[in-house]
Amino acid sequence: MKSFLDKLEVKRYSLNTIKGYKSMFYDFLHFFNDKNKDIDFISKEDINLYQLHLIKSKNISESYQNQSINAIKFYYESVKGLRREIYD
């Protein structure tokens, strides 16, 4: 989580975006931790299933869903340095 937050600050994201991404990424970590899955080894399908979980269990808005996906993408693309992905 520290490297995630540090990278957001280095890239000069706004305080509101950092707060939102932090909360959403924490929920993401917690979801997969409960399933004993290391987030560095989950698949794109796992991420899509997580988004479906948010839609069904928390009735999130489309805007919230987009921000959640962007928080997750930020981790994989900016922190881990993996290639860009598109999530449906």
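Going by the structure above, here's the rest.
Peer 1: So what's going on with the environment of D6? Residues and values would help.
Peer 2: Tracing the backbone through its elements, the reader meets D6 in helix α1 (residues 2–10). Sequence separation between D6 and I86 is 80 residues; the distance between their C-alpha atoms is 24 Å.

Peer 1: Before we move on, could you go through unusual backbone geometry and cite the residues and values that matter?
Peer 2: In the Ramachandran plot, N36 falls in the positive-phi region, its phi being about 55 degrees despite a non-glycine side chain. Among the secondary structure elements, N36 is positioned in the loop between α2 (15–34) and α3 (44–58). Despite not being glycine, N59 shows a phi value in the positive range, around 50 degrees. Positionally, N59 belongs in the loop between α3 and α4 (62–79). For N59, a relative accessible area of 66% corresponds to the exposed category.

So, how was this worked out
- Residues numbered from 1 in each chain as written.
- Predicted model: local features only at pLDDT ≥ 70, side-chain atom pairs only at ≥ 80, totals over all residues.
- Heavy atoms only, no water.
- Helix = DSSP H or I, 4+ residues; strand = E, 2+ residues; numbered from the N terminus.
- Buried < 20%, exposed > 50% of the residue type's maximum accessible area, 1.4 Å probe, protein only.

Keep in mind these numbers describe shape, not what the thing actually does.
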